[in-house]
Amino acid sequence: MTKGSPSLSHVPQHVAIIMDGNGRWAREQGLSRLAGHQKGSEVARDIIRAAADAGVGYITLFAFSSENWRRDPDEVTGLMALLKHYLETEVETLHQEGVKLRIIGERHLLPNNILALIEDAEAKTRTNKKIELIMALSYGSRAEIVNAAREMAQKVRDRRLEPEDITEEALSAHLYTSDVPDPDLLIRTSGEQRISNYLLWQLAYTEFVFVNKYWPNFTPQDFLEAIEVYHGRERRYGTAA
Ligand code: IPE
Ligand code: IPE
Ligand code: MG
């Protein structure tokens, strides 16, 4: 670990990140938005490694939201091409580094060729143990909760679930993140301070750290500093101070 990084016992088990600011970074550099996304994907690679080295167990990255489909078609096409390239070129390295990959989101909306690459990557890395990388792609938290509600309603209709069995645990178990602990720390870059339909249920007691840097400028050192800030927080879960 680098000097000044927190001790392993205080590392959050699950870190969720909203990787925001690629477009604004690109504009400042006089580059295309897509060049910003390209640089952003390189930063993601470094941060995944830093998280694994620090002993984080789960890292969830918001890479593309349900609402992002409404962006200019050229940007959406470019992002899908970048994602395809990322999966084609990075999965082997991730696998060798012990990363287990999983995608959460509305899979049926993703192009078939990308879906196939995702399924291959998930199968290949399924038993890896170093860190779990969860990529939120075509992800919207409200859609996820609606989907869970619909699945439970279906089970009630089929007499496989009683209405009184619809508990917090049961709802959690029907989310994409059913077997993942809730995030301990949420980091959002770019200076915006909002959730943008990310993990609404799972973030109930998560600590938020907002970083005033565009994602392409975010470094492993910034990541470790966010963990330091987290370490200084007192989590109360509703109990008295
Ligand atoms: C985050 O950067 C990446 C995606 C949403 C795909 P943005 O593209 O939102 O960048 P800004 O917020 O416009 O600067
Ligand atoms: C959230 O960022 C989604 C991702 C980082 C992938 P956005 O840039 O889409 O969110 P808003 O529009 O600022 O809320
Ligand atoms: Mg943005």
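Criteria and thresholds
- Residues numbered from 1 in each chain as written.
- Chains lettered and ligands numbered in written order.
- Predicted model: local features only at pLDDT ≥ 70, side-chain atom pairs only at ≥ 80, totals over all residues.
- Heavy atoms only, no water.
- UniProt positions renumbered as here; feature names shortened; annotations may be inferred.
- Helix = DSSP H or I, 4+ residues; strand = E, 2+ residues; numbered from the N terminus.
- Rg over C-alpha atoms; globule rule 2.2 N^0.38 Å.
- Buried < 20%, exposed > 50% of the residue type's maximum accessible area, 1.4 Å probe, protein only.
- Contact = heavy atoms within 4.5 Å.
- Axes fitted to C-alpha atoms, helices over the stretch in contact; angles between N-to-C directions.
- Left-handed = near helix turned anticlockwise from the far one by under 90°.
- Nonpolar A, V, L, I, M, F, W, Y, C, P; charged D, E, K, R; others polar.
- Near = heavy atom within 4 Å.
- Polar contact = N/O pair within 3.5 Å; in protein donor to acceptor, adjacent residues only side chain to side chain.
- Areas by Shrake-Rupley, 256 points an atom, 1.4 Å probe, with all protein chains shown as cover.
- 1 Å grid on protein atoms, 1.4 Å probe; cavity = no way out; pocket = protein on both sides within 12 Å on 5 of 7 lines; lining within 4 Å.
- Sits in = over half its atoms within 2 Å of the grid points.

Taking an unreviewed UniProt entry as the reference, the chain is identified by name as Isoprenyl transferase belonging to Candidatus Bealeia paramacronuclearis. We quote the UniProt Subunit (unreviewed entry) comment for the chain here in full: "Homodimer." Database annotation for the chain, UniProt heading Function (unreviewed entry): "Catalyzes the condensation of isopentenyl diphosphate (IPP) with allylic pyrophosphates generating different type of terpenoids."

Student: Honestly, the overall build of the chain in this entry has me stumped. Any pointers?
Tutor: From N to C terminus, the chain includes seven helices and six strands. Taken from the N to the C terminus, the helices and strands of the chain come in the order β-α-α-β-α-β-α-β-α-α-β-β-α. Computed over C-alpha atoms, the radius of gyration of the chain comes to 18 Å, within 12% of the 18 Å expected from 2.2 N^0.38 for 241 residues, which places it in the range of a compact globule. With the principal axes as the frame, the chain shows a C-alpha extent of 60 × 50 × 35 Å. Expressed as a percentage of its 241 residues, the buried residues of the chain come to 47%. Within the chain, counting contacts between residues at least 6 apart in sequence, those at least 24 apart form 78% of the total.

Student: Even after reading the chapter, I still don't get the side chain of His37, so can you show me in this structure?
Tutor: Tracing the chain through its elements places His37 in helix H2 (residues 33-54). Excluding anything up to four places from it in sequence, His37 contacts Asn22, Arg71, Glu75, Leu79 and Leu82.

Student: Looking at this structure, how should I read the packing of helix H1 (residues 22-29) against H2?
Tutor: In a pair of packed helices, the angle between the axes and the distance between the axes together describe the arrangement. At a minimum axis separation of 7 Å, H1 and H2 run at an interaxial angle of 115°. Crossing hand, H1 versus H2: right-handed. For the pair H1 and H2, the contacting residues are Asn22, Gly23, Trp25 and Ala26 in the first and Arg33, Ala35, Gly36, His37, Lys39 and Gly40 in the second. The residue makeup of the contact of H1 with H2, split by class, is three nonpolar, five polar and two charged.

Student: Would you explain the site of ligand 1 in this entry?
Tutor: Among the 13 residues in the neighbourhood of ligand 1, the closest are listed as Asp20, Gly23, Arg24, Arg33 and Arg71. A distance of 2.8 Å separates an oxygen atom of ligand 1 from a polar atom in the side chain of Asp20. Arg71 places a side-chain nitrogen or oxygen 2.7 Å from an oxygen atom of ligand 1. Look at ligand 1: alone it shows 380 Å² of surface, and the protein chains cover 86% of it. Of all the cavities here, the one that holds ligand 1 is the largest pocket. Mapped onto the shell around ligand 1, the elements with two or more residues apiece are H1, H2 and helix H3 (73-96). In terms of residues, the shell around ligand 1 owes the most to one element, H1, which gives three residues. Broken down by class, the residue content of the shell around ligand 1 amounts to three nonpolar, five polar and five charged.

Student: What should I look at first to understand the site of ligand 2 in this one?
Tutor: Taken together, the neighbourhood of ligand 2 is formed by Ile18, Met19, Asp20, Phe62, Ala63, Phe64, Asn68, Arg71, Arg188, Arg194 and Ser196. With respect to ligand 2, the side chain of Arg71 contributes an N or O atom lying 3.4 Å from an oxygen atom. Contacts to ligand 2 include Arg188, whose side-chain N or O atom sits 3.2 Å from an oxygen atom. Contact with the protein chains removes 79% of the 390 Å² of surface that ligand 2 exposes when unbound. Among the cavities detected, the one that contains ligand 2 is the largest pocket.

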